[in-house]
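Breakdown of the fold
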Amino acid sequence: MNSITLIRPDDWHLHVRDGEVLNDIIPHTAARFGRAIIMPNLKPPITTMEQAVAYQQRIQAAVPNGIHFTPLMTLYLTDNMRASEIAAAKQSGIVHAVKYYPAGATTNSDAGVTDLKKTYAALESLQQHGMPLLIHGEVTTPEIDVFDREAVFIDSVLQPLLKDFPELKVVLEHITTAQAVDFIQSTSKNIAATITPQHLLFNRNDIFKGGIRPHYYCLPILKREQHREALVKAATSGNPKFFLGTDSAPHSQTAKQNACGCAGIYSAHAAIELYAEAFEKNNALDKLEGFASVYGADYYQLPLNPDKITLIKEPWQIPQHYQFGNNTLIPLKAGEMMQWKLT
Ligand code: DOR
Ligand code: ZN
């Protein structure tokens, strides 16, 4: 196959930061995707409708002329989020979900939830309005091994939560383990998962190939090969509970190449091309459109994008770096060749 045409895809999990860097990175996403669910983990986080509206406008201002791209906004769940904020969010049509970070789980999550019970009024409201809760599914207790945090979260936090809120819509974001795949497959259609390109293409050995490679470090961290294989199987299965979410998470080169480097992999520059590579390696290009362009929109009860994109088989080289405000950004597979190219 030398060309693939898809309904224009959407990115159901994306970090774009704020300020002048928006101009450097938004064009990458807007060239490929019709919409993206924008993560609210700014400093300070996006916790109100007003903040979400203003942030959406700043993102929109960075979209190149002539391109249609809609940022779908989210609110950051805190211990004291009021149920009325959820009702207002639902009313707005601008906010599409609420994001739950366990406090301290990852980048800018200090304001995250310390005790889920404190958020039950907000969760009640989410359930009532049919608005999805997007979950960073990792426990943060220091005794738990970093590679086990997702599996432990599913058993100790997620299952009890779903018992208390049986009708809540939940997206378990950026799943990384066979346990998560099994869990999603065993639940109702209210429960879905996003999968990133890095977790389909790489395993934990890639973090340590010939030295420590900070640009392969993200959270949840890359896992063993058997988990990567389970994720590929899920993504290419045609099961609508699994859909595209890049978790593209830009950090400056200096923040990554640091004695305490930030978690996050930047993939927006070649996102759909990377997924095409992963699906092709597994002889499943025919399953890409459902995963990338259909299942997520259905889950969020939004129409499919009206236009299409085309990828062709034509080698191109990923730049060594991109500009990132007054710093640089090292993209995933920097300097390497891609086989699929967006036309
Ligand atoms: O690797 C990650 N980076 N994981 C997250 O959950 C957050 C993200 C970020 O914001 O940089
Ligand atoms: Zn994320």
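My aim in this report is to walk through the structure given alongside it, one point at a time. (Residues numbered from 1 in each chain as written. Chains lettered and ligands numbered in written order. Predicted model: local features only at pLDDT ≥ 70, side-chain atom pairs only at ≥ 80, totals over all residues. Heavy atoms only, no water.)

A short note on the sheet that holds strand β9 (residues 242-244)
The strand order across the open sheet built from 8 strands is β2-β3-β4-β5-β6-β7-β8-β9, with neighbouring strands paired in parallel fashion. This sheet does not close on itself; its edge strands, each paired only once, are β2 (11-14) and β9. Across this sheet, the average inter-strand angle for adjacent strands is 30°, counted without regard to direction. Inspection of the sheet shows strand β6 (residues 133-135) paired to strand β7 (residues 170-172) by 3 bridges, in the parallel sense. When the sheet's bridge partners are listed, Leu-134 is paired in β7 with Val-171. (Pairing = 2+ DSSP bridges. Helix = DSSP H or I, 4+ residues; strand = E, 2+ residues; numbered from the N terminus. Axes fitted to C-alpha atoms, helices over the stretch in contact; angles between N-to-C directions.)

Remarks on the coordination of the zinc ion (ligand 2)
Binding of the zinc ion (ligand 2) to the protein goes through His-13 (NE2), His-15 (NE2) and Asp-247 (OD), at separations of 2.0 to 2.1 Å. Between the donor residues of the zinc ion (ligand 2), the gaps in sequence give the motif H-x1-H-x231-D. One end of the pair, His-13, is in strand β2; the other, Asp-247, is in the loop between β9 and α9 (253-256), and 234 residues separate them in sequence. As far as the burial class goes, His-13 and Asp-247 line up, both buried. (Donors = N, O, S within 2.8 Å, 3.2 Å for Na, K, Ca; no water. Buried < 20%, exposed > 50% of the residue type's maximum accessible area, 1.4 Å probe, protein only.)

As for the site of ligand 1
Within the structure, ligand 1 sits among 13 residues, and Arg-17, Asn-41, Leu-219, His-251 and Ala-263 are positioned closest to it. A distance of 3.1 Å is found between an oxygen atom of ligand 1 and a side-chain nitrogen or oxygen belonging to His-136. Note that a nitrogen atom of ligand 1 is positioned 2.8 Å from one of the backbone N or O atoms of Leu-219. In isolation ligand 1 has 290 Å² of accessible area, and contact with the protein removes 100% of it. Across the shell around ligand 1, the residue classes tally to 4 nonpolar, 7 polar and 2 charged. (Near = heavy atom within 4 Å. Polar contact = N/O pair within 3.5 Å; in protein donor to acceptor, adjacent residues only side chain to side chain. Areas by Shrake-Rupley, 256 points an atom, 1.4 Å probe, with all protein chains shown as cover. Nonpolar A, V, L, I, M, F, W, Y, C, P; charged D, E, K, R; others polar.)

Bear in mind that shape data such as this cannot, by itself, settle questions of function.
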